[in-house]
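# An overview of the molecular structure
What follows is the residue order along each chain.
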Amino acid sequence: MSVEDGGMPGLGRPRQARWTLMLLLSTAMYGAHAPLLALCLVDGQVPFRPSSAVLLTELTKLLLCTFPFLVGWQAWPRGAPPWRQAVPFALSALLYGANNNLVIYLQRYMDPSTYQVLSNLKIGSTALFYCLCLRHRLSARQGLALLLLMAAGVCYAAGGLQNPGNLPSGPPPAAAASPMPLHITPLGLLLLVVYCLISGLSSVYTELLMKRQRLPLALQNLFLYTFGVLLNLGLHAGGGPGPGLLEGFSGWAALVVLSQALNGLLMSAVMKHGSSITRLFVVSCSLVVNAMLSAALLRLQLTAAFFLATLLIGLAVRLYYGSR
């Protein structure tokens with residue numbers, strides 16, 4: 001398995017085991033995000049500003065990647081600080097910031113189910129930029145694996161989980177059967193395409209940047225999250241009146257911030273030593289974790305679509321990373 005395929009060639013068993021553990025932890029954190037957010041709800045509403053959570057997450061990432069320099073685990077490069085190498089990370093932060101805000105903005109022009117299904121197109125856009133920018137060719141087998149990954153996301157979004165209380169024994173009332181009608185506007189479709197393109201570009205651009213620079217990962221993270229904090233601080237301040245920075249936060253909300261910060265650092269390691277394609281598989285595999293936690297914590301019911309999605313994900317992993 002090559003680095004381009006998301007593997008770590010030439011590693012001994014201990015390091016390979018650590019790499020596998022890192023991917024498993026990232027998968028678990030991705031999968032736990034939505035259930036943890038659901039546990040934060042108060043009367044069905046998020047009690048804090050979303051921009052506060054994003055800003056605190058970026059700030060936590062910055063503090064965590066600064067810590068190795070403060071305690072001496074990571075040495076600062078000799079000579080003048082390589083600030084010129086920091087500038088390209090401003091574009092990464094801008095792309096990620098645009099993507100995070102587009103997710104919220106898109107909800108105005110389509111229902112959540114339509115968004116969940118169509119957002120799987122970012123798998124294709126990531127693969128496209130991966131081939132164009134990094135000049136890697138995907139085999140027919142790998143291309144089929146990514147198509148299966150997209151199909152798995154669509155299956156899961158289309159009905160992988162269901163509230164048992166909404167399972168009718170007879171013909172349901174029209175309002176209960178469809179609390180929010182499926183819809184998407186032309187502007188919503190255009191914005192969704194932009195969202196998928198930015199998602200793929202941000203992932204591949206960051207991977208390219210991290211691999212081309214001969215800098216420690218901790219220093220690259222320091223650059224990236226410094227810009228991330230500045231950008232999200234501006235977005236939070238310009239968001240108008242609302243709850244304070246920490247207003248409405250609970251223990252569950254703090255856990256959401258911490259888990260997302262740790263996951264961001266793990267994903268930067270994947271970008272540095274693995275690939276954007278590996279990240280796609282981590283995000284897709286996290287659907288299984290998400291469903292299992294939702295069933296256990298929120299008492300949602302797994303459906304046939306979930307098991308089909310799990311099967312498709314397994315086949316995709318086998319096709320992409322299995323022996324040729």
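Residues numbered from 1 in each chain as written. Predicted model: local features only at pLDDT ≥ 70, side-chain atom pairs only at ≥ 80, totals over all residues. Heavy atoms only, no water.

On to the overall build of the protein. If you tally the helices and strands in the protein, you get 12 helices and two strands. Moving toward the C terminus, one meets the helices and strands of the protein in the order α-α-α-α-α-α-β-α-α-α-α-α-β-α. The proportion of buried residues among the 324 residues of the protein is 41%. If you take every contact in the protein between residues at least 6 apart in sequence, the share linking residues at least 24 apart comes to 88%. (Helix = DSSP H or I, 4+ residues; strand = E, 2+ residues; numbered from the N terminus. Buried < 20%, exposed > 50% of the residue type's maximum accessible area, 1.4 Å probe, protein only. Contact = heavy atoms within 4.5 Å.)

Since there are 3.6 residues in each turn of an α-helix, residues three or four apart along the chain are aligned in direction. With 28 residues, helix H1 (residues 13-40) extends 40 Å from end C-alpha to end C-alpha; this agrees with the ideal 40 Å at 1.5 Å per step. His-33 marks the point of greatest bend in H1, at about 35 degrees, and the proline Pro-35 comes within the next four residues. Residues of H1 that are buried include every one of Trp-19, Met-22, Leu-23, Ser-26, Thr-27, Met-29, Gly-31, Ala-32, Pro-35, Leu-36 and Cys-40, and no others. In this structure, the buried residues of H1 make contact with helix H10 (251-273) and helix H11 (276-297). (Expected span 1.5 Å × (residues − 1). Bend = angle between axes of the 7 residues up to and from the residue.)

Further remarks concern the side chain of Lys-61. By the secondary structure assignment, Lys-61 is in helix H2 (residues 50-71). Residue classification places Lys-61 among the buried positions, given a relative accessible area of 11%. Within polar-contact distance, the side chain of Lys-61 engages the side chain of Glu-58 at 3.1 Å. When sequence neighbours within four positions are dropped, the list of residues in contact with Lys-61 reads Tyr-225, Gln-260, Ala-261, Gly-264 and Leu-265. (Polar contact = N/O pair within 3.5 Å; in protein donor to acceptor, adjacent residues only side chain to side chain.)

Attention now goes to the pattern of salt bridges. Scanning the entire structure with this criterion turns up two salt bridges. Ionic pairing is found between Lys-61 and Glu-58, a salt bridge with its closest N-O pair at 3.1 Å. Taken together, the residues span about one helical turn, with Lys-61 and Glu-58 both in helix H2 at a distance of three residues. A relative accessible area of 12% means that Glu-58 is categorised as buried. (Salt bridge = Lys/Arg side-chain N within 4 Å of Asp/Glu carboxyl O.)

In this section: the side chain of Ser-52. With respect to the secondary-structure elements, Ser-52 resides in helix H2. In this structure Ser-52 comes out as buried when scored by relative accessible area, which is 0%.

A few words now on the environment of Leu-262. Structurally, Leu-262 can be placed in helix H10. Classification of Leu-262 by relative accessible area gives partly exposed; the value is 32%. With near-sequence residues (within four places) excluded, Leu-262 lies in contact with Met-29 and Leu-64.

Moving on to the packing of helix H9 (residues 217-237) against H10. For the pair H9 and H10, interaxial distance at closest approach is 11 Å and the crossing angle is 120 degrees. By the criterion of interaxial angle, the relationship of H9 to H10 is oblique. Remark: the crossing between H9 and H10 carries right-handed chirality. Together, Leu-217, Gln-220, Asn-221 and Tyr-225 of H9 and Gly-264, Leu-265, Ser-268, Ala-269 and Lys-272 of H10 make up the contact between the two elements. Its residues assigned to classes, the contact of H9 with H10 comprises four nonpolar, four polar and one charged. (Axes fitted to C-alpha atoms, helices over the stretch in contact; angles between N-to-C directions. Parallel < 35°, antiparallel > 145°, perpendicular 65-115°, else oblique. Left-handed = near helix turned anticlockwise from the far one by under 90°. Nonpolar A, V, L, I, M, F, W, Y, C, P; charged D, E, K, R; others polar.)

Taken together, Phe-67, Leu-70, Val-71 and Trp-73 make up a surface patch of nonpolar side chains, about 490 Å² in accessible area. Structurally, the position occupied by Phe-67 is in helix H2. Assessed through its relative accessible area of 39%, Phe-67 is described here as partly exposed. (Patch = residues over 30% accessible without salt bridge, like charges linked within 9 Å, V, L, I, M, F, W, Y side chains within 5 Å. Areas by Shrake-Rupley, 256 points an atom, 1.4 Å probe, with all protein chains shown as cover.)

Of note, Ser-268 is situated in helix H10. On the accessibility criterion, Ser-268 (4% relative accessible area) is buried. Between the C-alpha atom of Ser-268 and that of Arg-279, which follows or precedes it by 11 residues, the distance is 9.7 Å. Leave out the neighbours within four places in its chain, and Ser-268 touches Met-210, Leu-217, Asn-221 and Tyr-225.

Ile-123, Leu-146, Leu-149, Ile-277, Phe-281 and Ala-316 are the most contacted members of the largest nonpolar core, which totals 25 residues. When residues of this core are traced back to their parent elements, those giving at least two are helix H5 (121-134), helix H6 (140-159), helix H8 (186-212), H11 and helix H12 (304-321). Take this core: its biggest share by element is eight residues, from H6. Discounting chain neighbours no more than four positions away, the residues touching Leu-146 are Ile-123, Ala-127, Leu-138, Ile-277 and Phe-281. (Core = buried A, V, L, I, M, F, W, Y, C linked by side-chain atoms within 4.5 Å.)

The pLDDT averaged across the protein works out to 83; a share of 87% of its residues lies at or above 70. For residues 1-10, every residue scores under 50 in pLDDT, and the model assigns this stretch 33 contacts once sequence neighbours within four places are set aside. (pLDDT = per-residue confidence, 0-100.)

Summed over all chains, the structure comprises six aromatic pairs. Residues Phe-306 and Phe-307 carry aromatic rings whose centres are separated by 5.0 Å and whose planes lie at 70 degrees to one another, so their mutual orientation is edge-to-face. Given the relative accessible area of 5%, Phe-306 is considered buried. Every member of this aromatic cluster is reached through a ring pair, and the members are Phe-281, Tyr-320 and Tyr-321. (Phe/Tyr/Trp six-rings, centres within 6.5 Å; stacked < 30°, edge-to-face > 60°.)

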